[in-house]
Amino acid sequence: MTLNRVVVTGLGAITPLGKTVDEYWQGLRLGVSGCDYIRQFDVTKFKTRFACEVKDFEPTRYLEKKEARKLDRYCQFALIASDEAVKDAGLTAENADPDRVGVIFASGIGGLITFQEEVTNFALGDGTPRFNPFFIPKMILDIAAGQISMRHGFRGPNFAVVSACASSTNAIIESFDYIRLGKADVIITGGSEAVISAAGVGGVNAMKALSERNDDPKTASRPFDKDRDGFVMGEGSGVLVLENLEHALARGAKIYCEIAGGGATADAYHITAPHPDGLGAKNVMITTLKDAGMNPGDIDYINVHGTSTPLGDIAETKAILDVFGDHAYNLNISSTKSMTGHCLGAAGALEALACILAVTQNIVPPTINHFTDDPELDPKLNFTFNKAQEKTVNAALSNTFGFGGHNASVIVKKYIP
């Protein structure tokens, strides 16, 4: 069976570094920290009082007031980023069959802010069930995919993907498969997350997974640094328009890059901790290279999961050394979570987007906030510490791993006709 080639023709983003793709990329290149003290709720009594929020966000700048009120913050992000991506792709009802354009979208948690508000209001009331009629449609995980399709009239495959922090990478892989198997011409894909709330921060604090560096939030996300003490929560949305190459050429679309392959595995080890030897991470990178028909030496850059947790960073590094051998020392490795925080279900899409821009711009974004080398990490690895590096990037690999032991990776490469 001949598989279709799949290319990227549109990008959209709303992030802690900026509310467009250009602003996001500029922040990554310059090594800007998106972290600050939380403004969305009172954090006085919380162990962690900072996060990477989307700054100065006013949904009515992008959406009608009546429409915005019916959407959870995570879904507002999804619509805004998808609008940018669809426009960037030049996708219209005239140059694409709406029945062949789908939306496969992800979130790790969905409308947690809406859930918290509605349940809190009920708990503080007299027991009478006075719930907003939009409560359920606002919070469910699939609603972002549904809202994007309704906004643009796309009637192709439409569903949500959830695998914790690997969610949007899995959504990209699903979209890639739908197109290369001929089940759709175009898929709008990616992920969105907005859980910087009392329930979100308090819940992850209880797991002891968040950094508590309240005296210096700007540098709290420090992947691969000896003194890292947990991840920093982020929020936002990343969106990619994936398209059958022949369809893209026929309508004269600009092409950013090609999707080469994707893979998914499980650690089958622990609900939150990674396998200490990086077994699942190792397997997913091998699976992804095989799917792409590529060798380890073909990869120039890895955007790692790199959450700034003591165990996770070591396990992923072990996996990279196992998979890439001596070529690991030729690679650039970086964690853009050092700048955006961990955007959970949106992380995979935002980091795939960073890989796409690295491939198109030949610039590797840095891992910022590095102060002290970790003696448990191989000093010969190039973690692209603190400053972006110019480098020819023909192919980039993006890793995302989630609670539950979910692992997903995708490879993007330069488009060659």
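A short tour of the structure in this document, coming up. (Residues numbered from 1 in each chain as written. Predicted model: local features only at pLDDT ≥ 70, side-chain atom pairs only at ≥ 80, totals over all residues. Heavy atoms only, no water.)

A look at helix α13 (residues 347-361)
Okay, step 1: Between the first and last C-alpha of α13 there are 21 Å, a value that for 15 residues agrees with the 21 Å anticipated at 1.5 Å per step.
Okay, step 2: Within α13, 13 of the 15 residues are buried, which leaves the element mostly enclosed by the surrounding structure.
Okay, step 3: Positioned one or two residues after α13, Asn362 has a phi angle of 55 degrees, which is positive. (Helix = DSSP H or I, 4+ residues; strand = E, 2+ residues; numbered from the N terminus. Expected span 1.5 Å × (residues − 1). Buried < 20%, exposed > 50% of the residue type's maximum accessible area, 1.4 Å probe, protein only.)

Focus on the pairing of strand β6 (residues 186-193)
Okay, step 1: Of all 8 residues making up β6, 8 are buried, and the element is well covered by its neighbours.
Okay, step 2: Pairing between strand β4 (residues 101-106) and β6: 6 bridges, direction parallel. Following the sheet pairing, Ile104 is matched in β6 by Thr189.
Okay, step 3: With 8 bridges connecting them, β6 and strand β7 (residues 236-244) associate as antiparallel partners. (Pairing = 2+ DSSP bridges.)

Side note on the packing of helix α1 (residues 21-30) against α13
Okay, step 1: Their axes nearest at 11 Å, the elements α1 and α13 cross at an angle of 75 degrees. Between α1 and α13, the crossing angle belongs to the class labelled roughly perpendicular. Of the residues in α13, those in contact with Val21, Tyr24, Trp25 and Leu28 of α1 are Leu350, Glu351, Leu353, Ala354, Leu357, Ala358 and Gln361.
Okay, step 2: Considered class by class, the residues forming the contact of α1 with α13 number 9 nonpolar, 1 polar and 1 charged. (Axes fitted to C-alpha atoms, helices over the stretch in contact; angles between N-to-C directions. Parallel < 35°, antiparallel > 145°, perpendicular 65-115°, else oblique. Contact = heavy atoms within 4.5 Å. Nonpolar A, V, L, I, M, F, W, Y, C, P; charged D, E, K, R; others polar.)

Topic: a nonpolar patch on the surface
Okay, step 1: A cluster of nonpolar side chains, namely Met1, Leu3 and Leu181, defines an oily patch on the protein surface of about 340 Å² accessible area.
Okay, step 2: When you line up the elements, Leu181 lands in the loop between α7 (167-180) and β6.
Okay, step 3: Since its relative accessible area comes to 39%, Leu181 is described here as partly exposed. (Patch = residues over 30% accessible without salt bridge, like charges linked within 9 Å, V, L, I, M, F, W, Y side chains within 5 Å. Areas by Shrake-Rupley, 256 points an atom, 1.4 Å probe, with all protein chains shown as cover. Salt bridge = Lys/Arg side-chain N within 4 Å of Asp/Glu carboxyl O.)

Considerations on the nonpolar core
Okay, step 1: Residues Val8, Leu11, Tyr24, Leu240, Leu242, Ile259 and Val412 are the most contacted members of the largest nonpolar core, which totals 43 residues.
Okay, step 2: In terms of residue count, the dominant contributor to this core is α13 (10 residues).
Okay, step 3: Ignoring anything within four residues of it in the chain, the contact list for Val412 reads Cys257, Glu258, Ile259, Ala260, Cys355, Ile356, Val359, Asn394, Ala395 and Ala396. (Core = buried A, V, L, I, M, F, W, Y, C linked by side-chain atoms within 4.5 Å.)

Topic: the environment of Ala85
Okay, step 1: Looking at the element boundaries, Ala85 is found in helix α3 (residues 73-89).
Okay, step 2: Given a relative accessible area of 0%, Ala85 falls into the buried group.
Okay, step 3: Sequence separation between Ala85 and Gly12 is 73 residues; the distance between their C-alpha atoms is 4.2 Å.
Okay, step 4: Ignoring sequence-local partners within four residues, the contact set of Ala85 consists of Gly10, Leu11, Gly12, Val239 and Val241.

Some points on the pairing of strand β13 (residues 395-402)
Okay, step 1: For β13, the buried fraction is high: 8 of the 8 residues fall into the buried class.
Okay, step 2: Taking every second residue as pointing to the same face, both faces of β13 are buried, with Ala395, Leu397, Asn399 and Phe401 on one and Ala396, Ser398, Thr400 and Gly402 on the other.
Okay, step 3: The sheet contact formed by strand β9 (residues 301-303) and β13 spans 3 bridges and is parallel. Counterpart to Tyr301 in the pairing with β13 is Ala396.
Okay, step 4: In sequence, β13 turns back onto strand β14 (residues 406-413) through a hairpin of 3 residues, with Gly404 there showing a positive phi of about 100 degrees.

A few points about the sheet that holds β4
Okay, step 1: A sheet is described by the order of its strands in space; here 10 strands give the open sequence β5-β4-β6-β7-β1-β8-β14-β13-β9-β10, paired in mixed fashion. Each edge of the open sheet carries a strand with a single partner, namely β5 (158-161) and β10 (332-334). With direction set aside, neighbouring strand axes in the sheet form an average angle of 25 degrees.
Okay, step 2: One ladder, built from 8 bridges, connects strand β1 (residues 6-14) with β7; its direction is antiparallel. Across the sheet, residue Ala13 finds its bridge partner in β7, namely Gly238.

Considering the side chain of Asn205
Okay, step 1: Inspection of the secondary structure puts Asn205 in helix α8 (residues 198-206).
Okay, step 2: Residue contacts for Asn205: discarding those within four places in its chain leaves Phe46, Lys47, Thr48, Leu210 and Glu212.

Details of the environment of Leu71
Okay, step 1: Tracing the backbone shows Leu71 in the loop between α2 (65-69) and α3.
Okay, step 2: Owing to a relative accessible area of 6%, Leu71 belongs among the buried residues under this scheme.
Okay, step 3: Note: C-alpha distance between Leu71 and Gly230 (159 residues apart in sequence) is 31 Å.
Okay, step 4: Contact partners of Leu71, with chain neighbours within four places excluded, come to Leu63, Gln76, Leu79, Lys138 and Gln147.

Comments concerning the side chain of Glu316
Okay, step 1: With respect to the secondary-structure elements, Glu316 resides in helix α11 (residues 310-324).
Okay, step 2: Buried within the structure, Glu316 lacks any salt-bridge partner; Lys337 is the closest side chain of opposite charge, at an N-O distance of 7.1 Å.
Okay, step 3: Once residues within four sequence positions are removed from consideration, Glu316 is found in contact with Val304, His305, Gly306, Asn399 and Phe401. (Lys, Arg positive; Asp, Glu negative; His and termini not counted.)

Some remarks on the pattern of salt bridges
Okay, step 1: Here the structure, examined in full by the defined rule, presents 17 salt bridges.
Okay, step 2: Arg100 is the partner of Asp185 in a salt bridge, and the nearest nitrogen-oxygen pair spans 3.0 Å. Within this pair, whereas Asp185 is found in the loop between α7 and β6, its partner Arg100 is found in the loop between α3 and β4, the two being separated by 85 residues in sequence.
Okay, step 3: Accessibility expressed as a relative area gives 27% for Arg100, which makes it partly exposed.
Okay, step 4: Between Arg222 and Asp225 there is a salt bridge whose closest N-O contact spans 3.9 Å.
Okay, step 5: Residue classification places Asp225 among the buried positions, given a relative accessible area of 0%.
Okay, step 6: A cluster of three or more residues bridged by salt bridges with shared partners is formed by Glu67, Asp83 and Arg151.

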